Amino acid sequence: MTESLWSGYQYADTTSDGWTTYWRLDPRGADPTLTEWTGDPDRPGQRLWERAATPAGVHARWSTAATSLRLELRAARGIAKRVAPLDVLVDGALHHRCEVAEGEQELVVSLPGSPATVEIWLPQLGRVALRGLAFDGPAEPVAITGPRWTTYGSSITQAGGAAGPSETWPALVARHHGWHLTCLGLSGECHLDPVVARTIRDTPARLISLCLGVNIYGGATYSGRTLPSQVESFVTTIRDGHPSTPIVVITPLVVPDREGERNAVGLTLDDVRDCVERGARADPAVQLIDGRTILTPDEARTLYTDGLHPGPEGYRVIANRLIPLLTLPT
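Analysis parameters
- Sequence order as written defines residue numbering, which begins from 1 separately in each chain.
- Whole-chain, interface and lining totals are the exception, using all residues; otherwise, since this is a predicted model, local features are given only for residues with pLDDT of at least 70 and side-chain atom pairs are given and counted only at 80 or more.
- Note that the side-chain values use all heavy atoms of the structure and ignore hydrogens as well as water.
- The helix and strand labels rest on DSSP assignments: H or I over at least four residues marks a helix, E over at least two residues marks a strand, and numbering proceeds from the N terminus.
- Throughout this description, a polar contact denotes any pair of N or O atoms lying within 3.5 Å of each other; where both atoms belong to protein, one of them has to be capable of donating a hydrogen while the other can accept it, and for residues adjacent in sequence the pair is counted only when both atoms sit in side chains.
- Contacts: residue pairs with any heavy atoms within 4.5 Å of one another.
- Pairing between two strands requires that DSSP report at least two bridges joining them.
- Axis definition: a line fitted to C-alpha atoms, over the contacting stretch in the case of helices. Angles run 0 to 180 degrees between N-to-C directions.
- For every residue, the accessible area obtained with a 1.4 Å probe (protein chains only) is divided by the maximum for its type, and the residue is called buried under 20%, exposed over 50%, and partly exposed between those limits.
- For this analysis, a ring pair means two rings from Phe, Tyr or Trp (six-membered ring only for Trp) whose centres lie within 6.5 Å, classed as stacked if their planes differ by under 30 degrees, edge-to-face if by over 60, and tilted for the remaining angles.
- Expected span of a helix, by definition, is 1.5 Å for each gap between consecutive residues, and there is one gap fewer than residues.
- Of the grid points, spaced at 1 Å and generated over the protein atoms alone, those admitting a 1.4 Å probe that cannot get out make up cavities, while open sets with protein on both sides within 12 Å along at least five of seven lines make up pockets; any residue with an atom within 4 Å of a point is treated as lining.
- Grid points are joined across faces, edges and corners, and a volume is the space filled by probe spheres set on the points.
- Classification used: nonpolar for Ala, Val, Leu, Ile, Met, Phe, Trp, Tyr, Cys and Pro, charged for Asp, Glu, Lys and Arg, polar for all others including Gly.

This brings us to the side chain of Q105. Within the element layout of this structure, Q105 appears in strand 7 (residues 103-110). There is a polar contact of 2.6 Å between the side chain of Q105 and the backbone oxygen of A101. A distance of 2.8 Å separates the side chain of Q105 from the backbone oxygen of G103, its partner in a polar contact. Among residues more than four places away in sequence, those in contact with Q105 are L71, E72, L73, A75, E99 and V100.

Right under this line is the structure:
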């Protein structure tokens, strides 16, 4: 494979036949029984680690005057409903969006043939491995630079419903600010797992944002008694590695169809927002963003595709709302 400087992953696992998976959480030494036991034989396991094998936010750049690139890609839906496309950008603008099917395939993309920066964003949905990336002319890898930003959250942060991986809300915010993105959006799996807290703790960052609560509400993961302290513990672990890094906590966006509805442990979404806020405020330096201010109820009804998840335009609106709120201190 042409030398590259892929960004946004924790561990690259290459098989003997050359397929590389870019894990967003490091699976080495992990004990899956800590996160994957469900007690229900009809519910699939390997949910956290399958999400971690999805390369949301993983991308790389090259400087080249080549006229085409070729890439072997192997994809599986797994527990996702589909595999997202792969985006190729030229000089920062979307050049080609490649649809990705299940199984092994070769993607061929024509390029301008004049000096340019070519950027590849890997699919943000589905399990994906790469092999055999090559340009038809010289190509020099370009390091992803800029202030490092780590963001953690649920499916809304993974943004499977975005038009493509370069148009998730984290990608749009990072591209606007010129930041170096690490996206830990883990669809259905934002439950304050210690492995995630340790990963964020140990990952260099100038800014950290945490979108907390909607999976906890849906999964009834914690009660009103336990949720604030779990948030406090999660933030404290991160703070151990980032004593002066700004940390932003975003509470759940408005969900018009579920507001006021109690979950299996008796919490409404507003209860969850309150618990997340109380836990986060244990660190007086944390900045809080009330997720209800990102979209109005009417906007949510228009922009959500299933009552909970935004579609492509919804993710663009979320990015535009968060761009002025997520900033580095001057």
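Taken in spatial order, the five strands of this open sheet run 12-11-13-14-15, and their pairing is parallel. Each having just a single partner strand, strand 12 (180-185) and strand 15 (287-289) make up the two edges of the open sheet. Going across the sheet, the axis of each strand differs from the next one's by a mean of 15°, ignoring polarity. In this sheet, strand 12 lies alongside strand 11 (residues 148-153) in parallel orientation, the contact comprising six bridges. Bridge pairing in strand 12 places W149 opposite L181.

Another aspect to go through is the pairing of strand 11. Burial of strand 11 is extensive: five of the six residues sit out of reach of the surface. Alignment of strand 11 against strand 13 (residues 207-211), held across four bridges, turns out to be parallel. Bridge assignment links W149 to a residue of strand 13, and that residue is L207.

On to the packing of aromatic side chains. With the rule as written, the count across this model stands at eight aromatic pairs. Between W6 and W62, the aromatic rings sit 5.7 Å apart at their centres with planes inclined by 80°, giving edge-to-face as the arrangement. Of this pair, W6 sits in the segment before strand 1 (11-14) while W62 sits in strand 3 (residues 59-64), and the two are 56 residues apart along the sequence. Considered together, W6 and W62 belong to a single accessibility category, that of buried residues. Counting every residue linked through ring pairs, the aromatic cluster contains W6, Y9, Y22, W62 and F135.

As a further point, take helix 7 (residues 227-241). Counted at 1.5 Å a residue, the expected span for helix 7 with its 15 residues is 21 Å, and the 22 Å between its end C-alpha atoms agrees. Among the residues of helix 7, those classed as buried are L227, P228, V231, F234, V235, T237, I238 and R239. Next to the buried residues of helix 7 lie strand 11, helix 5 (194-202), strand 13, helix 6 (214-219), strand 14 (247-250) and helix 8 (269-280).

Take the layout of surface pockets next. Take a probe with the size of a water molecule and roll it over the atoms, and the empty space left behind shows itself. As a volume, the largest pocket reaches approximately 1100 Å³. R47, R51, S155, S187 and G188 are the residues nearest the centre of the largest pocket, which is lined by 43 residues in total. Going through the elements one at a time, helix 1 (33-36), helix 2 (47-52), helix 3 (155-158), helix 6 and helix 10 (312-322) are the ones with two or more residues in the lining of the largest pocket. In terms of residue class, the lining of the largest pocket is made up of 15 nonpolar, 18 polar and 10 charged. Estimated volume of the second largest pocket: approximately 350 Å³. Together, 17 residues line the second largest pocket, and A30, W49, P194, V195 and R198 are the ones closest to its centre.

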